[in-house]
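The chain contents come next:
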Amino acid sequence: MPGADGTVWDVAVIGAGIVGAAIARELSGFGLTVALLEARDDVGDGTSKANTAILHTGFDAKPGTLESRLVREGHRLLGSYARAAGIPVERTGALMVAWTPEDLAALPALREKAEANGYDRCELVGPQEVYRQVPALGEGALGGMTVPDESITCTWTVNLALATDARQRGARVLLRHAVTAVGTAGDGTTTLHTTGGLVRCRWTVNAAGLGADTVDRLFGHDRFTITPRRGELLVFDKLARPLADRIVLPVPGKTGKGVLISPTVYGNVMLGPTAEDFTDRRATGTSESGFAFLRDKGERLMPSLMREEVTASYAGLRAATGREDYLVAAEPDQRYVLVGGIRSTGLSAGMAIAEHVRSLLADCGLALTPRTDLPAPPRMPNLGEAFRRPYQDAELIAADPEYGRVVCFCERVTAGEIRDACTSALPPAGPEGLRRRTRAMNGRCQGFSCAAAVTDLMERHLPAGAR
Amino acid sequence: MTAQVLTPDAVVVGAGPAGLTAAAVLARRGARVLVLDREDTPGGIPRHSDHTGYGLRDLRRLVSGPAYAARLAETARQAGADIRTRAMVTHWTGERSLAVTTPGGLLDVRAEAVLLATGARERPRPARMIPGDRPQGVYTTGQLQTLVHGGHREVGSRAVVVGAEAVSWSAVLTLRAAGCRTTLMTTRHARPEAYAAFTVPGRTVLGVPIATGTRVTRISGRGRVESVEIEQIATGRRRTVACDTVVLTGDWVPDHELARTAGLVMDPGTLGPVVDTALRTSAPGVFAAGNLLHPVDTAEAAALDGAHAAERIARRLASPETPAPGVPLLAEPPFRWVAPQLLRPGDPAPPRGRLLLWPETHVPFPRLTARQDDRTLLRRRLPWPAAPGRVLRLPWPPALPLDPKAGPVTIGLA
């Protein structure tokens, strides 16, 4: 049992989503022993997995907030990290479309807001330009605003890269460690009681996503409540991709950013999300009302998209707190930092949040000595359509024929890639994790052809005890 | 390192009944034929249907699906066709050129003629937009059959089968072989779609109750399926049926990716390419056959399509052709589609001398008419019913008084 052996970690980070993994990676660069605790059996299995995967510029954040600053910095940090780690990023740009006179009237203020957020490349455009940029839009667009630097990425690869990087820098990833109680000892250490055993640490960072308020209460605080906001998404067939070569944004309303259309790095088109407030933190099912809402919206935004096949539908939960900003707070007495209320922008902001947390910890007295022996970032398998994938790579196939054996036809995933995922530093716990690492079974047939072969390969290659 | 260039006379994409039959015919005609299939073994869908019912119309004897698949592959091979499996066509590199990924490397296939025989698949759950949780235990028939037949994996013990077509009964048989009881079949239609030959013994021998006029409105379960919610469409009344397995059958969509990325003219009804009665698509030298064109008809119908297309491809290889302009053939409700969709003067009758129609309602003895502008070209009463979920075959008249200069021909009920 970890902890029972007397190990005392310098820092325990609770939650291996994007934010937690980024923090663990950051801190393990400073000669600290770091444990990354995850309640589930895989990293990135909570809110991080059902993100819209947009790498935001932060143009529409509330100026002056922590979120505004961290999204802006994170956009830059993740952009360069993605290049180093081979995370697919496509700079598609976004077009915000005004459908009502009120929308249209709101655009100039949104451009000013973008400028207040340090982003000055937005441009207001007329309806003609709107339709020139996205000819498939439904009737009635009155005008728009461009956001040329909004990009799309792969949220799964970002999360996995950060966690893998943390691990190769020496952090320990502890899966199936849900924190159930917190105890303190006279020597200033904290004992985390978890479903995977006791974990002792000197400092604790709470990045538990939807569970952050619960964990915060275990530390004796009562300062915020997370209302899970369910967002349902429809993913359309790759044949729809020519319809949407950039992100199409609505003008933001009262309950979040509204329904958008976005290309995905996997070559699909996404429509969503809905936004419904929930009390059940496990309500990741899809609903009739959600589908009806998206159908209706889609029919108006882009009728031709609705003639294409739906490849997948997802429901994800976002951590809404009723606040307009992140809630990041250090408690020096407790040697504890709360990283709460990180909404969907957490994908973009994650690496900047990590730097921010690091500086908070330093302010609290945690000694930070930069390491000079850091390994290079991991080179992640490319899941993006815009970049070369193994099935296209003659040299790779010549060296290893398994990269020429396409197993998942729709997504063109090869036996070599499935093997690699199963034998990687952070192997999947099951088919869902494999989907996120390889795209296998994520395509239009949803496993009609390949489920059996993919499952066989996974069982053959997964190390004993990984499942 | 670059791709290996292959230059067969004809390349067939898909080694199912249509592709293999076409390859055998073409090879016997002396053509150099390359068959590409992404699966490990040739044969297509019948490979996994481990029960009898195949081969009656083309092999003239009844065999099991796997035996039928093996037989077609062997015949094509013996005729001289080069069948390559684990060969995934990824995209077009020219009008009749294809890029292919294989474990042996990349191929650049440049042919005189291409036959698309990529088949069809059942719509999986997301495409049907059935809300609810995402538990394990929800399959399409194809998925179930690969799991049971190929992987010998265990399924649950109580299944709900969505659909009551021939393929749905195939799913029931597969479930039974895997030790899973079908507790209910559901169908949107007022009556089961399959032939009485399936439905009567299915209901009595297999003891499967059928809920007609219903739709599945929710799948529930954490981890594993626990229940489905079923709505009586007419009344809106809903009930919950406990089960640990759900099989979504039928609701076919053609595997049309290559057809669409080639820019072929597509049919809004079948969602496959538009073809004439010689099974030519809109691109010169590109033909199509099988369930890509009519999702779905039987394996034998696909095979006979393949033979039909092969004759026309052989003819094209022998002497270049310029097909005459055609007259579009359109389906009227209650038919969702008709195939083929283009009539050219001088062209042959369609495969097996039948036009295929997909009815959306049940009609006991349909009286069909074909009209061009205000002229009636054909009036015919069929002695068999039109039933949703299966193809209606209309025998091709010996001489259709078609006016090649007039408007489209519409086909519907009198």
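Residues numbered from 1 in each chain as written. Chains lettered and ligands numbered in written order. Predicted model: local features only at pLDDT ≥ 70, side-chain atom pairs only at ≥ 80, totals over all residues. Heavy atoms only, no water.

*Asks:* Now, about the overall build of chain A: what can you tell me, with residues and values included?
*Replies:* Across its full length, chain A carries 12 helices and 22 strands. Taken over C-alpha atoms, the radius of gyration comes to 22 Å for chain A, in line with the 23 Å a tight globule of 467 residues would show. Along the first, second and third principal axes, the C-alpha set of chain A runs to 70 × 55 × 45 Å. Here chain A holds 467 residues, and 62% of them are scored as buried. Partitioning the contacts of chain A with sequence separation of at least 6, the portion at a separation of at least 24 is 72%. (Helix = DSSP H or I, 4+ residues; strand = E, 2+ residues; numbered from the N terminus. Rg over C-alpha atoms; globule rule 2.2 N^0.38 Å. Buried < 20%, exposed > 50% of the residue type's maximum accessible area, 1.4 Å probe, protein only. Contact = heavy atoms within 4.5 Å.)

*Asks:* So what's going on with the overall build of chain B? Residues and values would help.
*Replies:* When you go through chain B residue by residue, the secondary structure sums to eight helices and 29 strands. Over its C-alpha atoms, taken along the principal directions, chain B stretches across nearly 60 × 60 × 40 Å. Evaluated residue by residue, chain B yields a buried proportion of 59% over its 414 residues. Element-wise, carbon and sulfur atoms account for 52% of the exposed surface of chain B, whose accessible area totals about 16,500 Å². For chain B, the separation between the mean place of its 51 positive charges and that of its 36 negative charges on side chains is 5 Å. (Areas by Shrake-Rupley, 256 points an atom, 1.4 Å probe, with all protein chains shown as cover. Lys, Arg positive; Asp, Glu negative; His and termini not counted. Charge placed at Lys NZ, Arg CZ, Asp CG, Glu CD.)

*Asks:* Any chance you could break down the domain arrangement of chain B for me, citing the residues and the numbers?
*Replies:* Under the domain assignment used here, chain B contains domain 1 (1–122 + 251–323), domain 2 (124–250) and domain 3 (326–414). Just the C-alpha atoms count here: the centres of domain 2 of chain B and domain 3 of chain B sit 33 Å apart. (Domains from an automatic or database assignment.)

*Asks:* Give me the packing of aromatic side chains: which residues, what numbers.
*Replies:* Residues and elements named next belong to chain A. Within this structure, the stated rule accounts for four aromatic pairs over all chains. Consider the rings of Trp 156 and Tyr 266, whose centres lie 5.2 Å apart with planes at 20°: the pair is stacked. In this pair, Trp 156 sits in helix H5 (residues 155–168) while Tyr 266 sits in the loop between strand S15 (260–263) and strand S16 (269–272), placing the two residues 110 residues apart along the sequence. On the basis of relative accessible area, Trp 156 is assigned to the buried category, the value being 13%. (Phe/Tyr/Trp six-rings, centres within 6.5 Å; stacked < 30°, edge-to-face > 60°.)

*Asks:* Provide a residue-level description of the sheet that holds strand S2 (residues 10–13) of chain B, including the pertinent values.
*Replies:* Residues and elements named next belong to chain B. Here we have five strands laid out as an open sheet, ordered S6-S3-S2-S10-S21, and parallel in their pairing. Of all the strands in the sheet, the pair left with one neighbour each is strand S6 (82–84) and strand S21 (286–288). Taking each pair of neighbouring strands and ignoring which way they run, the sheet shows an average axis angle of 20°. The pairing of S2 with strand S10 (residues 113–116) spans four bridges and is classified as parallel. Bridging from a neighbouring strand, Ala 10 pairs with Ala 113 of S10. In the packing of helix H8 (residues 299–318) onto the sheet, the strands contacted are S2, S10 and S21, and the crossing angle to S10 comes to about 170°. (Pairing = 2+ DSSP bridges. Axes fitted to C-alpha atoms, helices over the stretch in contact; angles between N-to-C directions.)

*Asks:* Outline the domain arrangement of chain A, supporting the account with residue identities and numerical values.
*Replies:* All names here are of chain A. Each domain of chain A was delimited in the assignment, giving domain 1 (1–89 + 151–225 + 323–381), domain 2 (90–150 + 227–320) and domain 3 (390–461). Of note, the centres of domain 2 and domain 3, computed from C-alpha atoms alone, are 31 Å apart. Contacts between domain 2 and domain 3 engage seven residues on the former and seven residues on the latter. When the two sides are added together, the surface that domain 2 and domain 3 hide from each other amounts to roughly 530 Å², 41% of it contributed by carbon and sulfur. (Buried area = accessible area lost by both parts, 1.4 Å probe.)

*Asks:* With reference to specific residues and values, describe the nonpolar core.
*Replies:* Formed by 59 residues in total, the largest nonpolar core has its most connected members in Val 33 and Leu 116 of chain B. Among the elements that line this core, the one with the most residues is helix H1 (residues 17–28) of chain B, at eight residues. If near-sequence neighbours (up to four positions away) are discounted, Val 33 of chain B is found in contact with Ala 10, Val 12, Ala 23, Leu 26, Ala 27, Ala 81 and Asp 82 of chain B. Ala 24, Ala 161, Ala 171 and Val 339 of chain A belong to the second largest nonpolar core, which has 53 residues in total. (Core = buried A, V, L, I, M, F, W, Y, C linked by side-chain atoms within 4.5 Å.)

*Asks:* Residues and numbers for the pattern of salt bridges, please.
*Replies:* Taken as a whole and assessed by the stated rule, the structure comprises 62 salt bridges over all chains. Its salt-bridge partner being Arg 121 of chain A, residue Asp 149 of chain A comes within 2.6 Å of it at the nearest N-O pair. Separated by 28 residues along the polypeptide, Asp 149 of chain A in the loop between strand S7 (143–147) and strand S8 (151–153) and Arg 121 of chain A in the loop between helix H3 (101–116) and strand S6 (123–125) bring together distant segments of the chain. Salt-bridge contacts for Asp 133 of chain B lead to Arg 218 of chain B; the nearest nitrogen and oxygen are separated by 3.6 Å. Taken together, the residues span a long stretch of sequence, with Asp 133 of chain B in the loop between helix H3 (125–128) and strand S12 (138–140) and Arg 218 of chain B in strand S16 (residues 214–220) at a distance of 85 residues. (Salt bridge = Lys/Arg side-chain N within 4 Å of Asp/Glu carboxyl O.)

*Asks:* Account for the UniProt feature "domain: BFD-like [2Fe-2S]-binding" (unreviewed entry) in chain A, with residues named and values stated.
*Replies:* Within this structure's numbering, the places UniProt gives as "domain: BFD-like [2Fe-2S]-binding" (unreviewed entry) are residues 406–459 of chain A. The span residues 406–459 of chain A carries 46% helix and 9% strand; its end-to-end C-alpha distance comes to 17 Å. (UniProt positions renumbered as here; feature names shortened; annotations may be inferred.)

*Asks:* Describe in detail the environment of Ala 166 of chain B, supporting the description with residues and values.
*Replies:* Considering the arrangement of structural elements, one finds Ala 166 of chain B in helix H5 (residues 166–177). Distance from Ala 166 of chain B to Val 13 of chain B, taken between C-alpha atoms, is 26 Å for residues 153 residues apart in sequence.

*Asks:* Mind laying out the sheet that holds strand S4 (residues 89–90) of chain A, listing which residues take part and the relevant values?
*Replies:* All names here are of chain A. Here three strands make up an open sheet; going across it, the order is S3-S8-S4 and the pairing antiparallel. Across the chains shown, the open sheet's two edge strands, defined by having one partner strand only, are strand S3 (54–55) and S4. Where S4 lies against S8, two bridges are found, and the strand directions are antiparallel. From the neighbouring strand, Val 89 faces S8, where its bridge partner is Thr 153.

*Asks:* Break down the interface of chain A and chain B for me, with residues and values.
*Replies:* With 43 residues of chain A at the interface, the matching set in chain B holds 43 residues. Carbon and sulfur atoms supply 55% of the area that chain A and chain B bury against each other, a total of about 3,900 Å² over both sides. For chain A, the biggest contributors to the area lost against chain B are Glu 309, Phe 409 and Phe 448 of chain A; these three give 19% of the whole. Its salt-bridge partner being Glu 288 of chain A, residue Arg 215 of chain B comes within 3.6 Å of it at the nearest N-O pair. Our count for the chain A to chain B interface comes out at seven residue pairs in polar contact (both at pLDDT 80 or more). Residues that form the side of chain A that touches chain B fall into these classes: 17 nonpolar, 11 polar and 15 charged. (Polar contact = N/O pair within 3.5 Å; in protein donor to acceptor, adjacent residues only side chain to side chain. Nonpolar A, V, L, I, M, F, W, Y, C, P; charged D, E, K, R; others polar.)

*Asks:* Pulling in residues and values, what's your account of the state of the cysteines?
*Replies:* Residue and element names in this part refer to chain B. Enumeration according to the criterion identifies zero disulfides over all chains in this entry. No disulfide involves Cys 180; its sulfur sits 9.1 Å from that of Cys 243, the nearest cysteine. Note on Cys 180: relative accessible area 2%, which makes it buried. (Disulfide = S-S within 2.5 Å.)

*Asks:* Talk me through H1 of chain B; I want residue IDs and the actual numbers.
*Replies:* All names here are of chain B. In this model H1 runs 17 Å from its N-terminal to its C-terminal C-alpha over 12 residues, within 8% of the 16 Å that 1.5 Å per residue would give. With 11 of 12 residues buried, H1 lies mostly within the body of the structure. Within H1, the full set of buried residues consists of Pro 17, Ala 18, Gly 19, Leu 20, Thr 21, Ala 22, Ala 23, Ala 24, Val 25, Leu 26 and Ala 27. The elements touched by buried residues of H1 are S2, strand S3 (33–36), helix H2 (65–79), S6, S10 and H8. Phi turns positive one or two residues past the end of H1, at Gly 30, with a value near 95°. (Expected span 1.5 Å × (residues − 1).)

*Asks:* So what's going on with the pairing of strand S14 (residues 247–250) of chain A? Residues and values would help.
*Replies:* Residues and elements named next belong to chain A. What you see with S14 is no split at all: Ile 247 and Leu 249 on one side and Val 248 and Pro 250 on the other are buried throughout. One ladder, built from four bridges, connects strand S5 (residues 94–98) with S14; its direction is parallel. Residue pairing in the sheet places Val 97 in a bridge with Pro 250 of S14.

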